[in-house]
Amino acid sequence: MTVSENLQVIISSLPAGVTLVAVSKLQPQSAIMEAYGAGHFDFGENYIQELRDKQLSLPSDIRWHFIGHLQSNKVKYIAPFVHLIHGVDSPKLFREIEKQGQKIGRCIDVLLQVHISEEDTKFGFSESELLDFIDQIKEHPLQFVRIKGLMGMASFTEREDQIRSEMKQLSSLYHQLGNQYGGKTFGQVLYPYLEMSILSMGMSGDYPLALEYGSNLIRVGSAIFGARPPKPSST
Ligand SMILES: *Cc1c(COP(=O)(O)O)cnc(C)c1O
């Protein structure tokens, strides 16, 4: 199957209101152009240098999602154009995004990453860290960063009950915060900064389950583009 056929199959299976981010990390620009030619505009990348190269040479109406682990000192490279940063996993990174947004006068949309998997290697706030962090930022109006929702990655396992319980946890946290803060404005802030309109959950292997738990943004790579080329040691 070609890239555009794969896209077609996945998109036609999605409920209304679900965004598909085509994860193009390590894939050649030609693969992105094939999807773009089929009318797809949302792409996800994990590596800063690769994203910068692609953004420079590919069409300017592509919406670039940064879905990898972002180091604070790299924020400045993507701040001018990134559509959504999915993996904000620390107050430090959050502050840096705010600072870079202020520098260029752009409000940057982000998701807070929650650690739901049982693996130590996946980044993110624990549930209690997240609630503490939200209590902190409530005190200060934010102008240059907007929290659109939450992102999480379930464990990479065959055990469906494990995946389900992790997804359920993230989904209830999302709805809890949405009920508490979603759509409300604070003080002089012009927009709700805890918008809670995006739940980014689900990849090639588990997105049908994620949809059951109310995900409205799925990040799918290999099911669209096929297996990824190996990661070069320099990225
Ligand atoms: C690579 C990656 C994906 C896509 O993975 P596939 O299994 O190829 O669909 C999704 N989300 C994140 C955060 C990733 O790093």
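Look up: the structure comes first, before these words.
Every value quoted in this text rests on a predicted model; they were computed, and no experiment measured them.

Section: helix α3 (residues 48–57)
Here is step 1: Turning to α3, its buried residues are I48, E50, L51 and K54. For α3, the angular spread of the buried residues around the axis is 160 degrees, confining them to a single face.
Here is step 2: Contact partners of the buried residues in α3: α2 (29–37), β2 (42–45), β3 (63–66) and α4 (75–78).

Observations concerning the pairing of strand β8 (residues 217–220)
Here is step 1: By the alternation rule, side chains of β8 split into L217 and R219 and I218 and V220, which are all buried.
Here is step 2: As judged from the 4 bridges shared by strand β1 (residues 19–23) and β8, these two strands associate in the parallel manner. Within the sheet, the bridge partner assigned to V21 lies in β8 and is R219.

Examining the site of the ligand
Here is step 1: K25, S204, G221, S222 and R228 are the nearest of the 13 residues found near the ligand.
Here is step 2: One of the side-chain nitrogen or oxygen atoms of K25 is found 2.7 Å away from an oxygen atom of the ligand.
Here is step 3: Residue S204 places a side-chain N or O atom 2.5 Å away from an oxygen atom belonging to the ligand.
Here is step 4: Calculation on the ligand without its partners gives an accessible area of 390 Å², and the protein chains cover 90% of this total.
Here is step 5: For the shell around the ligand, the class distribution of residues is 6 nonpolar, 4 polar and 3 charged.

Points about helix α6 (residues 127–137)
Here is step 1: What α6 keeps buried is the set L130, F133, I134 and I137. All buried residues of α6 lie within an arc of 100 degrees about the axis, which places them on one face of the element.
Here is step 2: As for α6, its buried residues are in contact with α5 (91–104), β5 (108–114), β6 (145–152), α7 (160–181) and β7 (194–200).

Quick look at the side chain of S117
Here is step 1: Relative to the assigned elements, S117 resides in the loop between β5 and α6.
Here is step 2: Polar side-chain contacts of S117 include one of 3.0 Å to the backbone nitrogen of E119.
Here is step 3: Beyond its immediate sequence surroundings of up to four residues, S117 is in contact with K122, M153, A154, S155 and E166.

What to know about the nonpolar core
Here is step 1: Among the nonpolar cores identified, the biggest contains 62 residues, and F94 and L150 are the most heavily contacted of them.
Here is step 2: Leave out the neighbours within four places in its chain, and L150 touches L111, L112, V114, L130, L170, L173, Y174, L177, M196, I198, L199 and S200.
Here is step 3: The next biggest cluster of nonpolar side chains, apart from the first, holds 6 residues, and it includes L84, L111, I198 and L217.

Brief notes about the pattern of salt bridges
Here is step 1: What the rule picks out here adds up to 10 salt bridges.
Here is step 2: One salt bridge connects E98 with R95, and the closest N-O pair in it is separated by 3.0 Å. With E98 and R95 both in helix α5, this residue pair falls 3 residues apart, about one helical turn.
Here is step 3: Note that R159 is salt-bridged to E118, the shortest N-O span being 2.6 Å. Pair noted here: R159 is in the loop between β6 and α7 and E118 is in the loop between β5 and α6, with a separation of 41 residues, a long-range link.
Here is step 4: We classify E118 as partly exposed; its relative accessible area is 44%.
Here is step 5: Taken together, the salt bridges that share partners define one network made up of E45, E50 and K54.

Things to note about the pairing of β7
Here is step 1: The element β7 is extensively covered by neighbouring structure, given that 5 of its 7 residues are classed as buried.
Here is step 2: Across 4 bridges, the pairing between β6 and β7 is parallel. Residue pairing across strands places M151 opposite S200, the latter belonging to β7.

Criteria and cut-off values
- Each chain has its residues counted from 1, following the order in which its sequence is written.
- Since the coordinates come from a predicted model, pLDDT governs what is reported: local features require at least 70, and pairs of side-chain atoms require 80 or more to be given and counted, while whole-chain, interface and lining totals use all residues.
- Hydrogens and waters are ignored; side-chain quantities use all the structure's heavy atoms.
- Categorising residues by exposure relies on relative accessible area from a 1.4 Å probe, with only protein chains included: less than 20% of the type maximum marks a residue as buried, more than 50% marks it as exposed, and the intermediate range marks it as partly exposed.
- Segments assigned H or I by DSSP are reported as helices when at least four residues long, segments assigned E as strands when at least two residues long, and all are numbered from the N terminus.
- Each direction from the helix axis to a C-beta atom contributes to the arc, which is the arc of those directions.
- Note on contacts: a residue pair qualifies if any of its non-hydrogen atoms lie within 4.5 Å across the two residues.
- Strands were regarded as paired on the criterion that DSSP finds at least two bridges between them.
- Proximity criterion: a residue is near a molecule or strand once any of its heavy atoms comes within 4 Å of it.
- Any N or O atom pair separated by 3.5 Å or less is treated as a polar contact, with the protein-specific requirement of one donor-capable and one acceptor-capable atom, and with residues adjacent in sequence counted only for side-chain atom pairs.
- Computed with a 1.4 Å probe, the accessible areas rest on the Shrake-Rupley method; for each residue, only the protein chains presented here act as cover.
- Residue polarity follows a fixed list, in which Ala, Val, Leu, Ile, Met, Phe, Trp, Tyr, Cys and Pro are nonpolar, Asp, Glu, Lys and Arg are charged, and the others, Gly among them, are polar.
- What we call a nonpolar core is a set of buried Ala, Val, Leu, Ile, Met, Phe, Trp, Tyr and Cys residues that are connected through their side-chain atoms within 4.5 Å.
- Salt bridges are identified by distance alone: a Lys or Arg side-chain nitrogen within 4 Å of an Asp or Glu carboxyl oxygen.

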